[in-house]
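# Structural characterization, general
Now for the letters of each chain:
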Amino acid sequence: MAGTLRAVGRFSRMLWHALKGVRTARQGLDHLDAQQQQRMVENWAREFLSRAGIALHIEGQPVAQGPVLLVANHQSWLDIPTLHAARHCRFISKAEIANWPIVGHLARAAGTLFVQRSSRRDTQRTVQSMTQALRNGDILTVFPEGTTGNGRELLPFHGNMLQAAIDADAAVQPVAMTFVDARTGERSFVPCEAYEDEPMLRSLWRTIQTEHLVAVVRYGTPEKANGRDRRVWAQDLRDRVEALRQPSLVAVAQASPVSKPQQVAVMTD
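The written sequence of each chain sets the order in which its residues are numbered from 1. Given that this is a predicted model, residues contribute local features only at a pLDDT of at least 70 and side-chain atom pairs are listed and counted only at 80 or more, while totals for whole chains, interfaces and linings are drawn from all residues. With hydrogens and water excluded, all non-hydrogen atoms of the structure serve as input to the side-chain values.

Take the overall build of the protein chain next. If you tally the helices and strands in the protein chain, you get nine helices and eight strands. Three labels apply to residues, based on accessible area from a 1.4 Å probe with only protein chains included: buried if under 20% of the type maximum, exposed if over 50%, partly exposed otherwise in between. With 269 residues in all, the protein chain has 49% of them scored as buried. Contact between two residues is taken to exist if any of their heavy atoms lie within 4.5 Å; hydrogens are not considered. Within the protein chain, contacts between residues at least 6 apart in sequence are counted, and of these 78% link residues at least 24 apart. Each accessible area is a Shrake-Rupley estimate made with a 1.4 Å probe; only the visible protein chains count as cover when residues are assessed. Summed over its atoms, the accessible surface of the protein chain is roughly 13,300 Å², and 51% of this surface lies on carbon and sulfur atoms. Helix and strand definitions here come from DSSP, where helices need a minimum of 4 consecutive H or I residues and strands a minimum of 2 consecutive E residues; each element is numbered from the N-terminal end.

Okay, structure coming up:
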């Protein structure tokens, strides 16, 4: 019963926070400069995690400015707000999401780059759009697994989107996300898919019923292709992300007080 009541309260606060975000997005952010817009998105995402009862712990050093392509593992519906809370970036998303209720408004306000991805020709256009964004100095993020994993092991990395970094001569920064139980320091898979094709709402409900959950984001060292083609580079980056998925769990438990889920701890390697 306590878990159900906790989840109802958290869901209500999360929904209200999302609706406030939509209202802000509709009013427009044109009166803010780029840095102010980025801070607004980061603050909104951190508050979203807080309302979900999730602490945020950051290891490593996120890039200060672009151009850079972030390459991250994909394990849950929380990945996008978690990465936004850690450091603002532009995600690559299919164009249909722009028209989704609530989510579409929030995605546009966060600077999402919407692309068509239904064919090889569309993939080429996506890479071209990403290349131009990187040349403009943006920080982009992709999930090279191409789908949501189960949090336990990484899926193969696809190299198509890395071509944009090669063409723009931009660095790629590997990023790993894990969830940890702050009481034990052990990895938690509560927000991840319990089984294939689990509905997101079921995962969401299970997550907001849970106490002492910490989202851990660990940044690696940026690197350039240095002559590697996208397939070889994709495998190397998968190895980097796999290594980064082993954070100092004891330190996480000590650094993330469960009474203050909005606290952010930033550590350098």
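All right, on to a nonpolar patch on the surface then. Surface patches are defined over residues having more than 30% relative accessible area and no salt bridge, joining like charges when they lie within 9 Å and nonpolar side chains (Val, Leu, Ile, Met, Phe, Trp, Tyr) when within 5 Å. By salt bridge we mean one thing: a side-chain nitrogen of Lys or Arg within 4 Å of a carboxyl oxygen of Asp or Glu. A cluster of nonpolar residues, Val-8, Phe-11, Leu-15, Trp-16, Leu-19 and Trp-205, forms a patch on the protein surface that exposes about 540 Å² of accessible area. With five residues, the single largest contributor to the nonpolar patch is helix α1 (residues 2-27). Along the chain, Val-8 turns up in helix α1. Here Val-8 falls in the partly exposed class, since its relative accessible area comes to 41%.

Before going further, it helps to spend a moment on the side chain of Ser-93. By the secondary structure assignment, Ser-93 is in strand β3 (residues 90-94). Take Ser-93: its relative accessible area is 10%, and that puts it in the buried class.

Here the bond from Gly-66 into Pro-67 is cis, since omega is 5°, no more than 30 degrees from zero. Here Pro-67 lies in the loop between β1 (54-59) and β2 (68-72). Its identity as a non-glycine residue notwithstanding, Asp-169 has a phi of 55°, on the positive side. Here Asp-169 shows up in the loop between α6 (162-168) and β6 (171-181). A residue is classified by how much of its surface remains accessible, and Asp-169, at 52% relative accessible area, is exposed.

Turning our attention to the pairing of β1. The buried count for β1 comes to six of six residues, which makes it a mostly enclosed element. Burial of the side chains of β1 extends over both faces: Ile-54, Leu-56 and Ile-58 are buried on one face and Ala-55, His-57 and Glu-59 on the other. Of the strand pairs in this sheet, β1 and strand β7 (residues 213-219) are connected by six bridges, and their pairing is parallel. Directly across from His-57, in β7, lies its bridge partner Val-216. Note on pairing: DSSP must find at least two bridges between two strands before they are called paired.

Turning to the pattern of salt bridges, a few remarks are in order. Under the counting rule described, the total for this entry stands at 11 salt bridges. With its nearest N and O atoms 3.5 Å apart, the salt bridge here joins Glu-211 to Arg-6. Of the two residues, Glu-211 sits in the loop between α7 (200-208) and β7 while Arg-6 sits in helix α1, which places them 205 residues apart along the sequence. Assessed through its relative accessible area of 32%, Glu-211 is described here as partly exposed. Among the residues examined, Arg-6 registers a relative accessible area of 25% and is labelled partly exposed. Between Arg-51 and Glu-47 there is a salt bridge whose closest N-O contact spans 3.1 Å. Of this pair, Arg-51 and Glu-47 both sit in helix α2 (residues 34-51), separated by four residues, roughly a single helical turn. The network of salt bridges with common partners includes Glu-223, Arg-228, Asp-236 and Arg-240.

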